[in-house]
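Architecture and fold: a report
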Amino acid sequence: GDSVTQMEGPVTLSEEAFLTINCTYTATGYPSLFWYVQYPGEGLQLLLKATKADDKGSNKGFEATYRKETTSFHLEKGSVQVSDSAVYFCALSLNTGGFKTIFGAGTRLFVKA
Amino acid sequence: KAGVTQTPRYLIKTRGQQVTLSCSPISGHRSVSWYQQTPGQGLQFLFEYFSETQRNKGNFPGRFSGRQFSNSRSEMNVSTLELGDSALYLCASSPGAAIPPYEQYFGPGTRLTVT
């Protein structure tokens, strides 16, 4: 079945460090891929998206590239800030006559000053 | 545009009771999806509604039901509450177009505690 696997957390980094959160997926069909972020006590916010192979989604310094050959959508940021501390979810969406969105388990990121 | 709103934000219920949660999507969005978020199971898809019709359903028992009104507002109902139903219930809206990306915009959630 369709699934998303992302690296387990928590991930703890110092401010200005490089961030990578790995995400791989399994899907029947051609999914759209997303990264969502959840800050404490809030709902999910869309961080970035990609709809086809080799598309690069980017927002707020975060980037991820849709890699069809490796079925991956890894999240990267060159220099993290304390304010980036949150839980990050990788997700895929398919149109199966209705929307179907599968989320990864989430990766908690802590950034220390 | 106003974002997705959910009411109430917090709710405490007793086992065996029923509960109704409400979601108002972004203006113009016709698709509303519901998710259950728990520490153990993560984010699990409940169902999706589009133009008052349920288009997709997750693997939850029949105690979980929903509906959508003509103005796209949606409600979900959980009957005969169990302790395991304690969770954050998230609503997400989407334009509902049949072409990608199928991005969703989430509300702040309703925190349900069953005692």
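What this report covers is the structure whose coordinates are included nearby.

Next up on the list: the packing of aromatic side chains. In this description, a pair of aromatic rings is defined by centroid distance and the angle of the planes. Within this structure, the stated rule accounts for 13 aromatic pairs over all chains. Their ring planes at 85° and their centres at 6.1 Å tell us that Tyr-25 of chain A and Tyr-66 of chain A sit as a pair that is edge-to-face. Separated by 41 residues along the polypeptide, Tyr-25 of chain A in strand β4 (residues 23-26) and Tyr-66 of chain A in the loop between β8 (62-65) and β9 (75-77) bring together distant segments of the chain. We classify Tyr-66 of chain A as buried; its relative accessible area is 0%. Look at Phe-47 of chain B and Tyr-49 of chain B: their rings are 5.7 Å apart centre to centre, the planes differ by 70°, and that puts the pair in the edge-to-face class. Feature note: the residues Phe-34, Tyr-36, Phe-89 and Phe-103 of chain A together with Tyr-35, Phe-45 and Phe-106 of chain B constitute an aromatic cluster, connected by ring pairs. A cation over a ring is seen here: Lys-68 of chain A above Tyr-30 of chain A, with NZ or CZ 5.3 Å from the ring centre.

All names here are of chain B. For the structure on display, the rule yields 11 salt bridges over all chains. For Glu-82, the salt bridge identified is with Arg-63, shortest N-O distance 3.6 Å. Separated by 19 residues along the polypeptide, Glu-82 in the loop between β8 (74-78) and β9 (87-94) and Arg-63 in the loop between β6 (53-57) and β7 (64-68) bring together distant segments of the chain. Overlapping salt bridges, with partners in common, bring together Arg-63, Glu-82 and Asp-85 in one network.

Now for the sheet that holds β8 of chain B. All names here are of chain B. Pairing is antiparallel across the open sheet formed by four strands, whose spatial order is β1-β3-β8-β7. Each edge of the open sheet carries a strand with a single partner, namely β1 (5-7) and β7. Adjacent strand axes in the sheet meet at a mean angle of 20°, parallel and antiparallel pairs treated alike. Here strand β3 (residues 19-24) pairs with β8 via five bridges, running antiparallel. Across the sheet, the residue bridging to Ser-22 is Glu-75, located in β8.

Attention now goes to the environment of Gly-62 of chain B. All names here are of chain B. Positionally, Gly-62 belongs in the loop between β6 and β7. Relative accessible area serves as the criterion here: at 71%, Gly-62 is assigned to the exposed category. In the structure, Gly-62 is positioned 16 residues away from Val-78 in sequence and 8.8 Å away in space, judged by C-alpha atoms.

The next thing to look at is the interface of chain B and chain A. Counting residues at the interface gives 23 residues for chain B and 22 residues for chain A. Taken over both partners, the interface formed by chain B and chain A buries close to 1,800 Å², and the fraction arising from carbon and sulfur atoms is 58%. Three residues stand out in chain B for area buried against chain A, namely Leu-43, Tyr-102 and Phe-106 of chain B, and they jointly supply 33% of the buried area on that side. Notably, a salt bridge pairs Lys-49 of chain A with Glu-103 of chain B, separated by 2.5 Å at the nearest N-O pair. Counting every contact that joins chain B to chain A gives four residue pairs in polar contact (both at pLDDT 80 or more). The set of elements that each furnish at least two residues to the side of chain B that touches chain A consists of β4 (31-38), β5 (42-50), β6 and β9 of chain B. Looking at the side of chain B that touches chain A residue by residue, the classes come out as 12 nonpolar, seven polar and four charged.

Turning our eyes to something else, we now look at the state of the cysteines. The full count for this structure, using the stated rule, is two disulfides over all chains. Here Cys-23 of chain A connects covalently by a disulfide to Cys-90 of chain A, the sulfurs 1.9 Å from one another. What sets the handedness of the Cys-23 of chain A and Cys-90 of chain A disulfide is the S-S torsion sign, and at about -70° it is left-handed. A residue pair is termed long-range when its members are at least 10 positions apart, and Cys-23 of chain A in strand β4 and Cys-90 of chain A in strand β10 (residues 86-95) qualify at 67 residues. For Cys-23 of chain A, a relative accessible area of 1% translates into the label buried. One disulfide in the model links Cys-23 of chain B with Cys-91 of chain B; its S-S distance is 1.7 Å. Measuring the twist about the S-S bond at about -55°, one finds the Cys-23 of chain B-Cys-91 of chain B disulfide to be left-handed. Residue Cys-23 of chain B is located in strand β3, and its partner Cys-91 of chain B is located in strand β9; the two are separated by 68 residues in the primary sequence.

Reading guide: rules and limits
- Residues numbered from 1 in each chain as written.
- Chains lettered and ligands numbered in written order.
- Predicted model: local features only at pLDDT ≥ 70, side-chain atom pairs only at ≥ 80, totals over all residues.
- Heavy atoms only, no water.
- Phe/Tyr/Trp six-rings, centres within 6.5 Å; stacked < 30°, edge-to-face > 60°.
- Helix = DSSP H or I, 4+ residues; strand = E, 2+ residues; numbered from the N terminus.
- Buried < 20%, exposed > 50% of the residue type's maximum accessible area, 1.4 Å probe, protein only.
- Lys NZ or Arg CZ within 6 Å of the ring centre and 35° of its normal.
- Salt bridge = Lys/Arg side-chain N within 4 Å of Asp/Glu carboxyl O.
- Pairing = 2+ DSSP bridges.
- Axes fitted to C-alpha atoms, helices over the stretch in contact; angles between N-to-C directions.
- Contact = heavy atoms within 4.5 Å.
- Buried area = accessible area lost by both parts, 1.4 Å probe.
- Polar contact = N/O pair within 3.5 Å; in protein donor to acceptor, adjacent residues only side chain to side chain.
- Nonpolar A, V, L, I, M, F, W, Y, C, P; charged D, E, K, R; others polar.
- Disulfide = S-S within 2.5 Å.

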